[in-house]
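Next come the chains, spelled out residue by residue.
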Amino acid sequence: MKIIKTIKELREELNIHKKNGKTVGLVPTMGALHDGHCKLIERSVSENDLTVVSIFVNPTQFGPNEDFNKYPRTLEEDCRKSESYNADIIFNPDASEIYKSDSCTFVDIEKLQNNLCGLKRPGHFKGVCTIVSKLFNIVMPDNAYFGKKDIQQLTIIEQMTRDLNFPINIVPCEIIREKDGLAMSSRNKYLSDKERGEALILFNSLNEAAELITQGENSSQKIINMIKDKISRVENAEVDYVSIVNRSMEDTASIKTGDIIALAVFIGSTRLIDNHIIGEPLCL
Ligand code: AMP
């Protein structure tokens, strides 16, 4: 496995393989890799001749009061894990390689971000679209792998890929959870033991909501109220949003198959997100 830090070197390396007709899979990450990321790598390795894992804590997708500085950076461990899953290349550029000091071009999307994380984190998806476009242009992969854990991000990237005519197949991957249901996240590292227990409220309330919907409940407001009520009973939990949206990320009054229950909850100072797509299994 090669660890590459510059765009020039990465392009040179990839050109050799592309000339030989090899297919390339890209797994964009911010590092602190866990089993959720590893599943993406595993899938890319199984579907492409060559897999590039990018590890880059992208400054432009963090708000001024967010956790950019304290975001976990565990490059050595990440390389070890990626290699054990047979990734071929780690692309780990410095911020100055990606954003030149006179850089002033960004990619933004006009729809899909006026709700959920887009509403709560202004500028976040502009940063995401910009870095993902840059990675697409740098790597020019055949396939790119994204987790359904970040369902709004996945939806936005699918739209952006169509809108900007990137000849790239976006591959959505299932949410990977801990044994007790907590969705894996690099930010889970921030949780104290007590908070780790409290964080289960996200999965548990999605589970209860899914059960009520299976039994016939279709009022979004009733489900949202139930979830908010459950969360309010957890000492260190505070709702950022609880929403039920359609695939256009718009609130729905009456729940239908394919709609999404999406949550963002602060557990102490750690903001966690999770979601469930109605009609799909909510599996561990
Ligand atoms: P991040 O490093 O958090 O930016 O995530 C990189 C990619 O991994 C994104 O496409 C995420 O959606 C995906 N991902 C993160 N956590 C999980 C998870 N628990 N299950 C599936 N995919 C995930």
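Use the structure listed above.
Anyway, here's the lowdown on the structure attached to this text.

Since there are 3.6 residues in each turn of an α-helix, residues three or four apart along the chain are aligned in direction. For helix H7 (residues 151–163), built from 13 residues, the straight-helix expectation of 18 Å at 1.5 Å per residue is met to within 8% by its first-to-last C-alpha distance of 18 Å. Listing the buried residues of H7 in full gives Ile151, Gln152, Gln153, Leu154, Thr155, Ile156, Ile157, Met160 and Thr161. In this structure, the buried residues of H7 make contact with helix H5 (116–120), helix H6 (124–139), strand S5 (143–147), strand S6 (169–173), strand S8 (260–267) and strand S9 (270–277). Taken from the residues just after H7, Asn165 is the one with a positive phi, measuring 55 degrees.

The biggest cluster of nonpolar side chains holds 44 residues, and the ones touching the most others in it are Phe91 and Phe136. When residues of this core are assigned to their parent elements, the largest contribution, nine residues, is made by H6. Sequence-distant contacts of Phe91, defined by excluding residues within four places in its chain, comprise Ile4, Lys5, Thr6, Ile7, Leu10, Val52, Val53, Ser54, Ile55, Ile98, Leu135 and Ile138. Grouped together as the second largest cluster of nonpolar side chains are 28 residues, Ala209, Ile213, Ile231 and Ile244 included.

Turning next to the sheet that holds strand S1 (residues 2–4). Strand order across the open sheet formed by six strands is S1-S4-S3-S2-S5-S6, with parallel pairing between neighbours. Across the chains shown, the open sheet's two edge strands, defined by having one partner strand only, are S1 and S6. Each neighbouring strand pair of the sheet contributes to a mean axis angle of 25 degrees, computed without reference to strand direction. Those strands touched by helix H1 (residues 7–19) are S1, strand S2 (24–29), strand S3 (50–55) and strand S4 (89–91), and its axis lies near 150 degrees from that of S4. Where helix H3 (residues 75–84) meets the sheet, it contacts S1, S3 and S4, and its direction lies at approximately 165 degrees from that of S3.

Within this structure, the stated rule accounts for five aromatic pairs. Between Phe56 and Tyr99, the aromatic rings sit 6.4 Å apart at their centres with planes inclined by 35 degrees, giving tilted as the arrangement. Here Phe56 is found in the loop between S3 and H3, whereas its partner Tyr99 is found in the loop between helix H4 (95–98) and H5, with 43 residues between them in sequence. Residue Phe56 is classed as buried on the basis of its relative accessible area of 8%. Here Tyr99 falls in the buried class, since its relative accessible area comes to 14%. Look at Phe62 and Tyr71: their rings are 5.9 Å apart centre to centre, the planes differ by 75 degrees, and that puts the pair in the edge-to-face class. For the pair Phe62 and Tyr71, a shared accessibility class is recorded, and that class is buried. Pairwise contacts between aromatic rings join Phe62, Phe68 and Tyr71 into one cluster. We note Lys70 situated over the ring of Tyr190; from NZ or CZ to the ring centre the distance is 4.3 Å. The residue whose ring lies beneath Lys126 is Phe106, and the NZ or CZ to ring-centre distance is 4.9 Å.

With that settled, consider the packing of H1 against H6. Between two packed helices, what matters for the description is the angle formed by their axes and the separation of those axes. Here H1 crosses H6 at 50 degrees, and the two axes come no closer than 9 Å. In terms of their interaxial angle, H1 and H6 are classed as oblique. Contacts from Ile7, Leu10, Arg11, Leu14 and Lys18 in H1 reach Asn137, Ile138 and Val139 in H6. Of the residues in the contact of H1 with H6, the class split is five nonpolar, one polar and two charged.

Cut-offs used in this document
Residues numbered from 1 in each chain as written. Predicted model: local features only at pLDDT ≥ 70, side-chain atom pairs only at ≥ 80, totals over all residues. Heavy atoms only, no water. Helix = DSSP H or I, 4+ residues; strand = E, 2+ residues; numbered from the N terminus. Expected span 1.5 Å × (residues − 1). Buried < 20%, exposed > 50% of the residue type's maximum accessible area, 1.4 Å probe, protein only. Contact = heavy atoms within 4.5 Å. Core = buried A, V, L, I, M, F, W, Y, C linked by side-chain atoms within 4.5 Å. Pairing = 2+ DSSP bridges. Axes fitted to C-alpha atoms, helices over the stretch in contact; angles between N-to-C directions. Phe/Tyr/Trp six-rings, centres within 6.5 Å; stacked < 30°, edge-to-face > 60°. Lys NZ or Arg CZ within 6 Å of the ring centre and 35° of its normal. Parallel < 35°, antiparallel > 145°, perpendicular 65-115°, else oblique. Nonpolar A, V, L, I, M, F, W, Y, C, P; charged D, E, K, R; others polar.

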